[in-house]
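If you want the building blocks of each chain, they are given just below.
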Protein chains: 2
Amino acid sequence: MNGKKGSIRIDFHLPPKAVAPEVEKNADANNIIESLSPRKWIWDVWEFAKTDTTRVTFSLKVGLACLLVSLLILFRAPYEVFGTNIIWSILTVAVMFEYTVGATFNRGFNRALGSLLAGIFAIVVIQVAMSSGHIAEPYVIGISIFLVGAITSFMKLWPSLVPYEYGFRVILFTYCLIIVSGYRMGNPIRTAMNRLYSIAIGGFVAVLVNVFISPIWAGEQLHRELVNNVNSVADSLEECVKKYLSDDGSDHPEFSKTVMDDFPDEPAFRKCRATLNSAAKLDSLANSAKWEPPHGKFRQFFCPWAEYVKVGAVLRHCAYEVMALHGCLHSEIQAPYHLRCAFRSEILDATNQAAELLRSLSKDINNMKWSLQTSLLKHVHSSTERLQHSIDMHSYLLTSSHDQYDTSNKLQRKPSKTTSFNLKDLTDNLDEPETGKTETMQVESYHESMKKQQRRLHSWPSREVDDFEEEGKIVSDLVPRMRALESTAALSLATFTSLLIEFVARLDHLVEAVDKLAKMAKFKQEYTS
Amino acid sequence: MNGKKGSIRIDFHLPPKAVAPEVEKNADANNIIESLSPRKWIWDVWEFAKTDTTRVTFSLKVGLACLLVSLLILFRAPYEVFGTNIIWSILTVAVMFEYTVGATFNRGFNRALGSLLAGIFAIVVIQVAMSSGHIAEPYVIGISIFLVGAITSFMKLWPSLVPYEYGFRVILFTYCLIIVSGYRMGNPIRTAMNRLYSIAIGGFVAVLVNVFISPIWAGEQLHRELVNNVNSVADSLEECVKKYLSDDGSDHPEFSKTVMDDFPDEPAFRKCRATLNSAAKLDSLANSAKWEPPHGKFRQFFCPWAEYVKVGAVLRHCAYEVMALHGCLHSEIQAPYHLRCAFRSEILDATNQAAELLRSLSKDINNMKWSLQTSLLKHVHSSTERLQHSIDMHSYLLTSSHDQYDTSNKLQRKPSKTTSFNLKDLTDNLDEPETGKTETMQVESYHESMKKQQRRLHSWPSREVDDFEEEGKIVSDLVPRMRALESTAALSLATFTSLLIEFVARLDHLVEAVDKLAKMAKFKQEYTS
């Protein structure tokens, strides 16, 4: 199971080349030829091995373990003792050798306990069957096989027993093997013992090679995975906010193409999305790590691996906010560019502080040192509060109808140009004392951004019509698209900042979770702040 | 692998009963005794079996398959033909029998192809080894074992080969078994063939029982899983919005306790969270379903299972917005209750329409009928647009400083009571023509809600101090909490509605994805709307 952890998730967004090769363009054909060339292929393998050299180590270790256990048969002496049963040691190595030490121990435990239980049960049943007479014997055996099959299969579906699925499988086939070969070949106990010895030899070789030759610890992998996840959330937060503030709407891709897209220009976002799907991976690593003895940086018995999983879960709750921020960034309804610029410094400040806090957390986890970052956290809070105050003070900017009290319930929309113009004037007035730089930049690009804004606000219906014409179908037959109302656009900025503030609020919980982890895992305390 | 699909994820929020039993209260002790009582235990098992009867079917099928294959040995005739090799059929059944038909086929294919490749390679190597002389023979065999072990282990880490991990394991141990037993026991080809026959018998029995006795199809499971996921998103949207509109802040639990909580009073939210983590499950089901022949409702070859996974991915993107809405609901910064009531009918309308659309989608998928819900989608859009208009028109309500233009950049916060009062007046004015019911309700509970609001807004600092005192530590030593600014609270409503609107915008993509699925899976077209 854990052997898969070094692998990358295959994406289903790949173009279906295999399905319709005849429609492929020349460029694609060239791509295929190139991807089939042995040079490219060797290069890929080389790159794959270089990204994570533990993969190569693991492969060589499996080869070595198989070789060692084969020597038992290639030499004459052990073969003469155990006979053909020695084959079971090979099977054991092949089945038991997992990617990490913990997973190997876990599987070994499953196999050992499963074999033991099956052996005991088989011996009991054989005694019962033999004492029940020659005619009843096969019936007793048959019924017992049916029952063992049904009960182990049912038990392995039970939620809390799912991690021991392999153990139940072992019970089933070991039981069948012992009882059947006992019935047919006589002396089942001798058979069972011989087999047990060779399984033990196989297990011993597998564990020996796995633990003593450059071991791959699940605990370390879990540790590194969590650190990477924290970093990727920080990166993707920064990336998202940076894009939000720099995006003037001129090169906004079509929404429909981006909701499920891979966002090739946003590498951090993809890592953040991977973080959201990493729950199962963290769980399985923690499950393996439990079996590992103290090693490397982790010098205590019963290291609190479950806490790592909890920190991962809290981190995922932070990442949900980043996903929502990203949704805001790619939403059709967008706040005008200069309005975003008005709060630029506050948003950037809060983001940078939050990202810095995250990075310092990940660094602390990585070095297993812990200094409760009170000062850093206070910075984050104060910059976020500044953002809140700023939004609060200028919140009338966020309403397009701020200069009229329309209580007549009639839908009376003002032309967006006027609104934008008013907003612009106000923005300039407000920004003056704070950031002169922003203001001059705005004045320079004012006419340009105005034009872009106009184009943007009115571009979606025409784009929509284009879409309909492209597909050559009746308009009513297609999915009608959500209409974006430009007049509430300014409120989208409020959403963005609220989400950012909520993200910061969740950081408190992350800090708390890391604090708990630090205490339980006995990180080195540092009082720097 | 797929046997796990019927199981429920174990939650790590369980109280650590096993760790510190001595501090448990009497009530907990009673709980433990109760949970250990055989009656409770039998009841649990019964409930578990009743929730999904396919679990019982599966267990009985495994028992039956084991029994059938054991009969081969319990009777004399087959045993005399195959000898001790017949044991391999039992092993094959135990290893190959998976929960769903597709997974069994997949595993069978892996096993068959793996055995075949290993057999061919082993025979070639044996020829080479034999022709290389008596001294070199063990070296050739040893090196070949090392190479096969290393290469198969490396290949199974390769991303696109991960689903065939089991096949590589089979290659490894089959190769070792054939070559080693060939070296020691002579006549490797006869050994290999006999083993192949018994593996084939085992595989045949496993497939026969799995396919012809109440089969559990991965395709059907995938289908049902997707339908359930769509429903759970609809449920949790409704639940979340309902709670948002009914929550007057009086019984708001502490934020810190809820961010990672299980929300026992929000069953739909937990299902929605499960939906977010279902990516791996859908992937593995689709992977299994590929191997299944046409069956039941799925009458075409090459049913587009990958499209189900894609719909699931789009659905997850909708669910991210629900998570953000849920974050809003449990955020410390809350819009005043009567402000939420002001937009109550619009929010409820948009929500109900969206939920109805989702339910009709899930019903359509479930019945494999497809009528592009243009009218329903238009309803959703129009009600969402009404919400947008309403927010747009009354957006001055969302700013606490709507009656003053404060451009002096001084932080001048008005007491929240005055603000609320102003808002209240306005709200009443606005609501009058629309919903008399809401208005009277507001008037009735006005003084009460005012009091609650007050208590709420000022309750967090005292609560915070309580927390600090409780833990009996210096305040500065602890994680400082994010301060909630009540003055931007009203903007939180804008966030909530924006997220709701974004959710609706993403529904378009869901409808499109389902449309594509319907076309590719040849759903029955219906033109109702």
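Residues numbered from 1 in each chain as written. Chains lettered and ligands numbered in written order. Predicted model: local features only at pLDDT ≥ 70, side-chain atom pairs only at ≥ 80, totals over all residues. Heavy atoms only, no water.

**Q** I tried to follow the overall build of chain A on my own but got confused; where do I start?
**A** Helices and strands together make up the secondary structure of chain A, namely 21 helices and two strands. Buried positions account for 57% of the 529 residues belonging to chain A. Partitioning the intrachain contacts of chain A with sequence separation of at least 6 by distance along the chain shows that 82% fall at a separation of at least 24. In the form shown here, chain A has an accessible surface area of approximately 23,200 Å², with 61% of it arising from carbon and sulfur atoms. (Helix = DSSP H or I, 4+ residues; strand = E, 2+ residues; numbered from the N terminus. Buried < 20%, exposed > 50% of the residue type's maximum accessible area, 1.4 Å probe, protein only. Contact = heavy atoms within 4.5 Å. Areas by Shrake-Rupley, 256 points an atom, 1.4 Å probe, with all protein chains shown as cover.)

**Q** Teacher, can you tell me more about the state of the cysteines here?
**A** Disulfide: a covalent bond formed between the sulfur atoms of two cysteine residues. In the structure shown here, the tally under the stated rule is zero disulfides over all chains. Cysteine Cys-272 of chain A remains unbridged, with the sulfur of Cys-240 of chain A as its closest cysteine sulfur at 9.1 Å. For Cys-66 of chain B, which is in no disulfide, the shortest distance to another cysteine sulfur is to Cys-176 of chain A and amounts to 4.6 Å. (Disulfide = S-S within 2.5 Å.)

**Q** Just checking my understanding: could you explain the pattern of salt bridges for this structure?
**A** A pair can form between side chains of opposite charge whenever their charged atoms are brought close. A complete count under the given rule lists 32 salt bridges over all chains for this structure. The partner of Glu-165 of chain A in a salt bridge is Arg-169 of chain A, and the shortest N-O contact between them spans 3.0 Å. Here the residue Glu-165 of chain A and the residue Arg-169 of chain A both occupy positions in helix α8 (residues 165-185), the gap between them amounting to four residues, near one helical turn. One exposure class covers both Glu-165 of chain A and Arg-169 of chain A, and it is buried. In this structure, Lys-519 of chain B engages Asp-515 of chain B in a salt bridge whose closest nitrogen and oxygen atoms are separated by 3.0 Å. Of this pair, Lys-519 of chain B and Asp-515 of chain B are both found in helix α21 (residues 491-520), four residues apart, which corresponds to roughly one turn of the helix. Residue classification places Lys-519 of chain B among the partly exposed positions, given a relative accessible area of 45%. (Salt bridge = Lys/Arg side-chain N within 4 Å of Asp/Glu carboxyl O.)

**Q** What should I look at first to understand the UniProt feature "transmembrane region" (unreviewed entry) in chain A in this one?
**A** The sites that UniProt annotates as "transmembrane region" (unreviewed entry) are residues 58-79, 85-105, 112-130, 136-154, 166-184 and 196-218 of chain A. For residues 196-218 of chain A, helix accounts for 78% and strand for 0%, while the C-alpha atoms at its two ends are 28 Å apart. (UniProt positions renumbered as here; feature names shortened; annotations may be inferred.)

**Q** Where do I start with the side chain of Ser-236 of chain B in this structure?
**A** Mapped onto the elements, Ser-236 of chain B comes out in helix α10 (residues 218-246). Overall, Ser-236 of chain B belongs to the buried group, its relative accessible area being 2%.

**Q** Teacher, can you tell me more about the confidence of the model for chain A here?
**A** Note that predicted coordinates carrying low pLDDT should not be read in detail. Averaged over every residue, the pLDDT of chain A is 73; residues scoring 70 or more account for 70%. Interface confidence in the predicted complex, given as ipTM, is 0.71; pTM for the same model is 0.74. (pLDDT = per-residue confidence, 0-100.)

**Q** Before we go on, may I ask you to explain the environment of Leu-348 of chain B in this structure?
**A** Residues and elements named next belong to chain B. Secondary-structure assignment places Leu-348 in helix α16 (residues 344-367). For the pair Leu-348 and Leu-387, spaced 39 residues apart in the sequence, the C-alpha separation amounts to 9.5 Å. Those residues in contact with Leu-348 that lie beyond four places of it in its chain are Val-241 and Leu-245.

**Q** How do you make sense of the packing of helix α5 (residues 87-96) of chain A against helix α6 (residues 101-131) of chain A when you look at a structure like this?
**A** In a pair of packed helices, the angle between the axes and the distance between the axes together describe the arrangement. All names here are of chain A. Packing of α5 against α6 brings their axes to within 10 Å, and their N-to-C directions diverge by 135°. Considering their axes alone, α5 and α6 lie oblique with respect to each other. Contacts between α5 and α6 pair Trp-88, Thr-92, Val-95 and Met-96 from the former with Thr-104, Arg-107, Gly-108 and Arg-111 from the latter. Each residue belonging to the contact of α5 with α6 can be placed in one class, and the counts come to three nonpolar, three polar and two charged. (Axes fitted to C-alpha atoms, helices over the stretch in contact; angles between N-to-C directions. Parallel < 35°, antiparallel > 145°, perpendicular 65-115°, else oblique. Nonpolar A, V, L, I, M, F, W, Y, C, P; charged D, E, K, R; others polar.)

**Q** Looking at this model, I keep getting lost on the environment of Ser-492 of chain B. Mind explaining?
**A** Residue and element names in this part refer to chain B. Checked against the element boundaries, Ser-492 lands in helix α21. Given a relative accessible area of 7%, Ser-492 falls into the buried group. Residues Ser-492 and Ser-331 lie 161 residues apart in sequence; the distance between their C-alpha atoms is 9.1 Å.

**Q** Just checking my understanding: could you explain the domain arrangement of chain A for this structure?
**A** Note: interface size is frequently given as the accessible area lost on complex formation between the parts. All names here are of chain A. By domain assignment, chain A separates into domain 1 (39-212) and domain 2 (218-250 + 259-401 + 485-525). Contact with domain 1, which involves nine residues of that partner, is made by seven residues of domain 2. With both sides pooled, the region where domain 1 packs onto domain 2 buries about 710 Å², and carbon together with sulfur makes up 64% of that total. Inspection of the region where domain 1 meets domain 2 yields zero salt bridges. Put simply, domain 1 and domain 2 have two residue pairs in polar contact (both at pLDDT 80 or more) between them. Counted by class, the side of domain 1 that touches domain 2 contains six nonpolar, three polar and no charged residues. (Domains from an automatic or database assignment. Buried area = accessible area lost by both parts, 1.4 Å probe. Polar contact = N/O pair within 3.5 Å; in protein donor to acceptor, adjacent residues only side chain to side chain.)

**Q** Just checking my understanding: could you explain the packing of aromatic side chains for this structure?
**A** Describing an aromatic ring pair means giving the distance of the ring centres and the angle of the ring planes. This model, assessed by the stated rule, comprises 19 aromatic pairs over all chains. Here Phe-58 of chain A and Phe-97 of chain A contribute two aromatic rings whose centre-to-centre distance is 6.1 Å and whose plane-to-plane angle is 40°, an arrangement assigned as tilted. Taken as a pair, Phe-58 of chain A in helix α3 (residues 54-74) and Phe-97 of chain A in the loop between α5 and α6 lie far apart in primary sequence, 39 residues in all. Measuring from centroid to centroid gives 4.7 Å for Phe-109 of chain B and Trp-291 of chain B, while their planes differ by 40°, and the two rings are tilted. Taken together, the positions of Phe-109 of chain B in helix α6 (residues 101-131) and Trp-291 of chain B in the loop between α13 (279-289) and α14 (305-329) put the pair 182 residues apart, joining distant regions of the chain. By the ring-pair criterion, three or more aromatic residues cluster together here, those being Phe-48 of chain A together with Phe-154 and Trp-158 of chain B. (Phe/Tyr/Trp six-rings, centres within 6.5 Å; stacked < 30°, edge-to-face > 60°.)

**Q** Explanation requested: the environment of His-326 of chain B in the structure shown.
**A** Residues and elements named next belong to chain B. Relative to the helices and strands, His-326 resides in helix α14. Relative accessible area serves as the criterion here: at 6%, His-326 is assigned to the buried category. Along the primary structure His-326 and Lys-243 are separated by 83 residues, whereas in three dimensions their C-alpha atoms are 9.6 Å apart.

**Q** How should helix α12 (residues 267-276) of chain B be read in this particular structure?
**A** Side chains three or four residues apart in an α-helix point the same way, a direct result of the helix having 3.6 residues per turn. All buried positions along α12 of chain B are accounted for by Ala-268, Phe-269, Cys-272, Arg-273, Thr-275 and Leu-276 of chain B. Angular distribution of buried residues about the axis of α12 of chain B spans 150°; they occupy a single face of the element. Summarising the contacts, the buried residues of α12 of chain B are in contact with α14 (305-329) of chain A together with α10, α13 and α14 of chain B. (Arc of directions from axis to C-beta.)

**Q** Would you explain the packing of helix α12 (residues 267-276) of chain A against α14 of chain A in this entry?
**A** Residue and element names in this part refer to chain A. The interhelical angle for the contact between α12 and α14, taken along N-to-C directions, is 140°, at an axis separation of 9 Å. With respect to each other, α12 and α14 are oriented oblique. In this structure, the crossing between α12 and α14 has a hand that is left-handed. Contacts from Phe-269, Cys-272, Arg-273, Thr-275 and Leu-276 in α12 reach Leu-315, Arg-316, Ala-319, Tyr-320, Val-322, Met-323 and His-326 in α14. Looking at side-chain class alone, the contact of α12 with α14 contains eight nonpolar, two polar and two charged residues. (Left-handed = near helix turned anticlockwise from the far one by under 90°.)

**Q** What should I look at first to understand unusual backbone geometry in this one?
**A** With phi around 30°, Ser-214 of chain A is a residue other than glycine that occupies positive phi space. Inspection of the secondary structure puts Ser-214 of chain A in the loop between α9 (188-212) and α10 (218-246). Phi at Lys-522 of chain B takes a positive value of approximately 55°, unusual for a residue other than glycine. Classification of Lys-522 of chain B by relative accessible area gives exposed; the value is 63%.

**Q** Sorry if this is basic, but what is going on with a nonpolar patch on the surface here?
**A** Residues and elements named next belong to chain A. Side chains of Phe-109, Leu-113, Leu-116, Leu-117, Ile-120, Val-124 and Val-128 sit close together on the surface and give an oily, nonpolar patch of about 590 Å² of accessible area. Inspection of the secondary structure puts Leu-116 in helix α6. Given a relative accessible area of 46%, Leu-116 falls into the partly exposed group. (Patch = residues over 30% accessible without salt bridge, like charges linked within 9 Å, V, L, I, M, F, W, Y side chains within 5 Å.)

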